[in-house]
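Residue-level listing of the chains:
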Amino acid sequence: MAGLEGRVIEIGCGNGLNFAHYPASVSGVVAVEPDRHLGHEAEAAARRTTVAIDLVDGDASLLPVDDVSFDAAVISLVLCSVPDPSVALAEIFRVLRPGGSVHFYEHLASPSDPLRRFQRLGASLWRQVAGGCCPDRDTVEAIVAAGFVLEHVERFDHVPGPSVPLRLVAPHVLGTASRP
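Remember, predicted model here, so these are calculated numbers, not experimental data. (Residues numbered from 1 in each chain as written. Predicted model: local features only at pLDDT ≥ 70, side-chain atom pairs only at ≥ 80, totals over all residues. Heavy atoms only, no water.)

**Student:** Before we move on, could you go through the sheet that holds strand β2 (residues 26-32) and cite the residues and values that matter?
**Tutor:** Strand order in the open sheet formed by seven strands is β3-β2-β1-β4-β5-β7-β6, with mixed pairing between adjacent strands. Every interior strand has two partners, whereas the edge strands, β3 (53-56) and β6 (149-157), have only one. Strand-to-strand twist across the sheet, computed as the mean angle between neighbouring axes with direction ignored, equals 15 degrees. Pairing geometry for strand β1 (residues 6-11) and β2, over six bridges, is parallel. Looking at β2, one finds that isoleucine 9 is bridged to valine 30. (Pairing = 2+ DSSP bridges. Helix = DSSP H or I, 4+ residues; strand = E, 2+ residues; numbered from the N terminus. Axes fitted to C-alpha atoms, helices over the stretch in contact; angles between N-to-C directions.)

Next comes the structure, spelled out in structure tokens:
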């Protein structure tokens, strides 16, 4: 959340885990979440923070907000599970003002050929058991293809345990991009 300021939209806020990390420089957050159960948990998280958070029903493919109305967007473990990342990214592009930033934390396809093949082989089963998560997407490339300019990209492996299936989602990226 470093560097965030102004009006922010968080797409796929889940249970609101990120809310506690918004800096005081954020004037308000519109948090979009399609899952009703997670939305209820996000409401509770919103009550525990000092930043004004407005929770709305919606999804990444059709954001229920005006064009060029945000200074920044936050996506955290969202692009791996939306049906079409290019549609979601086009919506984010639509709602950001020129010069606005996208802060992202996502799974991504491995740059390593053996792991990438493993991801492709296991992707179908993983999608079924992990809420539609696609572990083999080229997330950074999709962000660039949507017209954003990469500012910072940090790739790393995050394996939350020794489980072989979790290797499918070990490659992660944390970064920022801007809307020209």
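Structure shown, so let's carry the discussion forward.
**Student:** How would you summarise the layout of surface pockets if you had to cite specific residues and measurements?
**Tutor:** Reported here for the largest pocket is a volume of approximately 500 Å³. Lining the largest pocket are 23 residues, and of these Gly12, Glu33, Leu77, Val78 and Ser81 lie nearest its centre. In this structure, the second largest pocket spans a volume of roughly 250 Å³. Lining the second largest pocket are 13 residues; nearest its centre among them are Met1, His103, Phe104, Tyr105 and Leu174. Elements that contribute at least two residues to the lining of the second largest pocket include exactly β4 (70-76), β5 (96-107) and β7 (171-178). Residue composition of the lining of the second largest pocket, grouped by class: seven nonpolar, six polar and no charged. (1 Å grid on protein atoms, 1.4 Å probe; cavity = no way out; pocket = protein on both sides within 12 Å on 5 of 7 lines; lining within 4 Å. Points joined across faces, edges and corners; volume = space filled by probe spheres on them. Nonpolar A, V, L, I, M, F, W, Y, C, P; charged D, E, K, R; others polar.)

**Student:** Lay out the side chain of histidine 107 with the relevant residues and their values.
**Tutor:** Its location among the elements puts histidine 107 in strand β5. Among the residues examined, histidine 107 registers a relative accessible area of 12% and is labelled buried. Non-local contacts of histidine 107, meaning those with residues more than four positions away in its chain, are made with Leu77, Cys80, Cys133, Thr139, Val169, Pro171 and His172. (Buried < 20%, exposed > 50% of the residue type's maximum accessible area, 1.4 Å probe, protein only. Contact = heavy atoms within 4.5 Å.)

**Student:** Got a sec to walk through the environment of glutamate 5? Specific residues and values, please.
**Tutor:** Among the secondary structure elements, glutamate 5 is positioned in the segment before β1. As a C-alpha pair, glutamate 5 and glycine 100 span 95 residues in sequence and 9.9 Å in three-dimensional space. What glutamate 5 contacts, discounting residues up to four positions off in sequence, is Ser25, Val26 and Asp71.

**Student:** Can you break down unusual backbone geometry residue by residue, with the values?
**Tutor:** In most cases, non-glycine residues show a negative phi, while peptide bonds are predominantly trans. Positive phi, close to 40 degrees, is recorded for valine 68, a residue that is not glycine. Mapped onto the fold, valine 68 is located in the loop between β3 and β4. The class of valine 68 is partly exposed, set by a relative accessible area of 44%. In this model, leucine 77 sits at a positive phi of 55 degrees, which is unusual for a non-glycine residue.

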